[in-house]
Amino acid sequence: MTTPPPAPLTAPLFDAHCHLFDEAYAHDLPEVMTRAKEAGVKTIVNSGLDAQSSQAALALAKEYPGLWTTVGWHPHEAAHCQKADLLTLEKLAQEPGVVALGEIGLDFFYLHSPADVQERLFQTLLDLASQLKLPVVIHTREAFALTRDILKESRKSLSQVLIHCFTGSPLEAQEWVDLDCHFSIPGVVTFPKAKELRESLPLIPLDRLLAETDGPYLAPVPKRGRRNEPAYLTHTVSALAAALGFTPNEMAALTAQNAQKFYGLMGV
């Protein structure tokens, strides 16, 4: 016996973080956007990973209604960021349609760039966000303690902070709560082994909870193993609702409103 698909949500959805400029969407992006609309995804934030992808994200935002942009530099590529790139990011960050600086942060899982280089770039970009009064979208992997310590020093000068793709422990969740951070939850919340993440959810203030796909990565169950896309956000939101005792429509409305507030898109 097969499980029927979930009923369509009536509340608009907000995908707080994805990468629609990725080559994984090169052959069918119009169809991806159509499916997102049919699934009720009204708003999507397309997050840059370097100067080139940030420019691409901004170009897509001008083409598709409901698409917004963050510009940033992923820690994997920190060693390749030059002064001219920082000037480009600063210019892009002031373009219409840009709602945050990100994703930025630290990633010590692969160490594609040396840790000290990542740290310097992270601090530089936090300083830029403070200067421009932009929210920041944080990537942190196997670098929790240093990311936390850097944010502790910078937090007062930053407007808002989003821990993107949060999959951490209750201890980590509480640390981010204490730093007044927001949380964006990916499709990992649907994975059977993501017990620790689900145990963290009740610690997150409801007004700081967002939902994301991080497409093309981390497709939720029952789409796991496929390319992720914004239409699949319905599964993530439904899993969040089940974990926290809400209906899927209530959770869709809650996470969308929180994302609108975080990115300064209320009434847009």
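One structure accompanies this document, and this report is about it. (Residues numbered from 1 in each chain as written. Predicted model: local features only at pLDDT ≥ 70, side-chain atom pairs only at ≥ 80, totals over all residues. Heavy atoms only, no water.)

## Section: the pattern of salt bridges
Per the counting criterion, the structure on display carries 9 salt bridges. Among the salt bridges present, the one from Asp 28 reaches Arg 35, with a minimum N-O distance of 3.5 Å. With relative accessibility at 11%, the residue Asp 28 sits in the buried group. For Arg 35, a relative accessible area of 32% corresponds to the partly exposed category. With its nearest N and O atoms 2.8 Å apart, the salt bridge here joins Asp 28 to Arg 227. Here Asp 28, found in the loop between strand E1 (13-18) and helix H1 (29-38), pairs with Arg 227, found in the loop between strand E8 (209-211) and helix H8 (233-244); they are 199 residues apart in sequence, far enough to count as distant. One network of salt bridges, in which partners are shared, links Asp 28, Arg 35, Arg 227 and Glu 229. (Salt bridge = Lys/Arg side-chain N within 4 Å of Asp/Glu carboxyl O. Buried < 20%, exposed > 50% of the residue type's maximum accessible area, 1.4 Å probe, protein only. Helix = DSSP H or I, 4+ residues; strand = E, 2+ residues; numbered from the N terminus.)

## Structural notes on the sheet that holds E8
Within a sheet, neighbouring strands are paired by backbone hydrogen bonds and run either parallel or antiparallel to one another. Ordered in space as E1-E2-E3-E4-E5-E6-E7-E8, the 8 strands form an open sheet in which the pairing is parallel. The open sheet has two free edges, formed respectively by E1 and E8, since each of these has just one partner strand. Each adjacent strand pair in this sheet contributes to an overall mean axis angle of 30°, direction not counted. Pairing between strand E6 (residues 161-163) and strand E7 (residues 182-185): 2 bridges, direction parallel. Residue Ile 163 lies in a different strand from E7, and its bridge partner there is Phe 183. Seen against the sheet, helix H5 (residues 144-154) touches strand E4 (98-107), strand E5 (136-141) and E6 and runs at an angle of roughly 150° to E5. Of the strands in this sheet, E1, E7 and E8 are in contact with H8, which crosses E1 at around 110°. (Pairing = 2+ DSSP bridges. Axes fitted to C-alpha atoms, helices over the stretch in contact; angles between N-to-C directions. Contact = heavy atoms within 4.5 Å.)

## Notes on unusual backbone geometry
Looking along the chain, the bond that leaves Gly 215 and enters Pro 216 is cis, with omega of 15°. One can find Pro 216 in the loop between E8 and H8. Cis geometry marks the peptide bond from Val 221 to Pro 222, where omega comes out at 15°. Tracing the sequence through the fold places Pro 222 in the loop between E8 and H8. Located in the positive-phi region is Glu 142, a residue other than glycine, with phi close to 55°. Since its relative accessible area comes to 58%, Glu 142 is described here as exposed. Its identity is not glycine, yet Asp 180 carries a phi of approximately 60°, on the positive side. Along the chain, Asp 180 falls in the loop between helix H6 (170-178) and E7. Judged by relative accessible area, Asp 180 falls into the partly exposed class, the value being 42%.

## Some points on the side chain of Asp 107
Following the sequence through the fold, Asp 107 ends up in strand E4. Arg 141 provides the closest opposite charge to the buried, salt-bridge-free Asp 107, at an N-O distance of 4.8 Å. Looking at Asp 107, its side chain comes within polar contact range of the main-chain nitrogen of Phe 109, at 3.0 Å. (Lys, Arg positive; Asp, Glu negative; His and termini not counted. Polar contact = N/O pair within 3.5 Å; in protein donor to acceptor, adjacent residues only side chain to side chain.)

## Overview of the nonpolar core
Residues Leu 20, Leu 126, Val 136, Ile 138, Leu 151, Trp 176 and Ile 185 are the most contacted members of the largest nonpolar core, which totals 73 residues. With residues up to four places along the chain from it excluded, the contact list for Val 136 reads Leu 101, Ile 104, Leu 126, Ala 129, Leu 158, Gln 160, Val 161, Leu 162 and Phe 262. With 13 residues, the next largest nonpolar core counts Phe 14, Ala 16, Val 137 and Leu 265 among its residues. (Core = buried A, V, L, I, M, F, W, Y, C linked by side-chain atoms within 4.5 Å.)

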